[in-house]
Amino acid sequence: MRVLIVEDEIRLADTLGEIMHTQKYTYDIVYNGSDGLAYGESNIYDVIILDIMLPNMNGFEVVKNLRNKKIKTPVILLTARDDISDKIKGLDFGADDYLTKPFSSEELLARIRAVSRRKGEVVLDELEYADLKLNLTNYLILCGDKSLHLGFKEFEIMRIIMSNTAAVVAKEVLLTKVWGYDSDAEDNNVEVYISFLRKKLQFLGSRVGITTVRKIGYYLEESV
Ligand code: CA
């Protein structure tokens, strides 16, 4: 799960980041509306947490612009007061849910799970492909009675490839989703991590391999 946090109160933004961290969600934080829009337009996030009162463009404008640009990422608006007209306005502009400050981390996480489920992305504990299992809560990859811990980037790559087994996953997608929108990482970073993963699959004795489609990307293949 990759979350974009758009919040200008630095302390609250940091707290939100910490809450994401406890769930092992990847996140980016921006502190004003126009950055929120620019990051949101990258369309790499699963959920956007968006404050309403923001410098240079308010949250309503951000969500309206995103929806005009056909970005469907679920948006949770943060409102400072329990104002019903704000809520209606936000939902009319295309937000998916709202949360009144102050809120508990449990409440926020429940809302995140709910809006990402609505989008059709089921929140699972485990992904499975052929003889492989990837545990999404403890980063373990398992095959038969063998298991290995994956590093964070290895895990994220494996999670994306195992969630898209019907398609070739583009290198570019891995770069933006795993290294982030702002990163200077290059194609060969992806290749290095793919080679780590191949060694781990071999160690596990899995029938599954990661196949390269030259200049495009990767997919999982089961050998018979
Ligand atoms: Ca604010």
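Each chain carries its own residue numbering, running from 1 in the written order of its sequence. Totals for whole chains, interfaces and linings use all residues, but because this is a predicted model, local features are given only for residues with pLDDT of at least 70 and pairs of side-chain atoms are given and counted only at 80 or more. As a rule here, side-chain values cover all heavy atoms of the structure and leave hydrogens and water aside.

**Quick notes on the sheet that holds strand β12 (residues 217-222)**
Inference 1: DSSP calls a pair of strands paired once it identifies at least 2 bridges connecting them. The way it works is that DSSP assigns letters per residue, a run of H or I at least four long becomes a helix, a run of E at least two long becomes a strand, and they are numbered from the N terminus. Within the open sheet, the three strands sit side by side as β10-β12-β11. Their pairing is antiparallel. Each edge of the open sheet is held by one strand with a lone partner, namely β10 (169-170) and β11 (208-213).
Inference 2: The pairing of β10 with β12 spans two bridges and is classified as antiparallel. Considered in β12, the bridge of Val 169 is made with Tyr 218.
Inference 3: Whether two residues are in contact is decided by their heavy atoms: any pair within 4.5 Å suffices. Helix axes are fitted only over the stretch in contact, all axes being lines through C-alpha atoms; the angle between N-to-C directions runs from 0 to 180 degrees. Helix α8 (residues 187-204) rests against β11 and β12 of the sheet, and its axis sits at about 155° to β11.

**Topic: the pattern of salt bridges**
Inference 1: Salt bridges are identified by distance alone: a Lys or Arg side-chain nitrogen within 4 Å of an Asp or Glu carboxyl oxygen. For the structure on display, the rule yields 14 salt bridges.
Inference 2: For Lys 101, the salt bridge is made with Asp 51, and the minimal N-O distance between the two is 3.1 Å. Remark: Asp 51 occurs in strand β3 (residues 47-51) and Lys 101 occurs in the loop between β5 (97-100) and α5 (105-118); sequence separation between them is 50 residues.
Inference 3: Here's how the labels work: a residue is buried when its accessible area is under 20% of the maximum for its type, exposed when over 50%, partly exposed in between, all with a 1.4 Å probe on protein chains only. Residue classification places Asp 51 among the buried residues on the basis of a relative accessible area of 3%.
Inference 4: A salt bridge links Asp 97 to Arg 111; the shortest N-O distance between them is 3.3 Å. Placement of Asp 97 in strand β5 and of Arg 111 in helix α5 is noted, with a sequence separation of 14 residues between them.
Inference 5: Note on Asp 97: relative accessible area 13%, which makes it buried.
Inference 6: In this structure, a network of salt bridges that share partners links the residues Glu 7, Glu 9, Asp 51 and Lys 101.

**Looking at the confidence of the model for the protein**
Inference 1: On a scale of 0 to 100, pLDDT captures the predictor's confidence in every residue. Across the protein, the average pLDDT comes to 90, with 96% of residues at or above 70.
Inference 2: The weakest mean pLDDT in the protein belongs to helix α4 (residues 84-92) at 80; the strongest belongs to β3 at 97.

**Points about the sheet that holds strand β4 (residues 75-79)**
Inference 1: What the five strands build is an open sheet, ordered β2-β1-β3-β4-β5; its pairing is parallel. For this open sheet the edge positions go to β2 (26-30) and β5, each flanked by a neighbour on one side alone. Each adjacent strand pair in this sheet contributes to an overall mean axis angle of 20°, direction not counted.
Inference 2: Judged from the four bridges that link them, strand β1 (residues 2-6) and β3 form a sheet pairing that is parallel.

**With respect to helix α2 (residues 33-41)**
Inference 1: Within α2, the full set of buried residues consists of Gly 33, Gly 36, Leu 37, Tyr 39 and Gly 40.
Inference 2: Its buried side turned inward, α2 meets β1, β2, β3 and α3 (59-68).
Inference 3: The first or second residue beyond α2 is Asn 43, which carries a positive phi of 60°.

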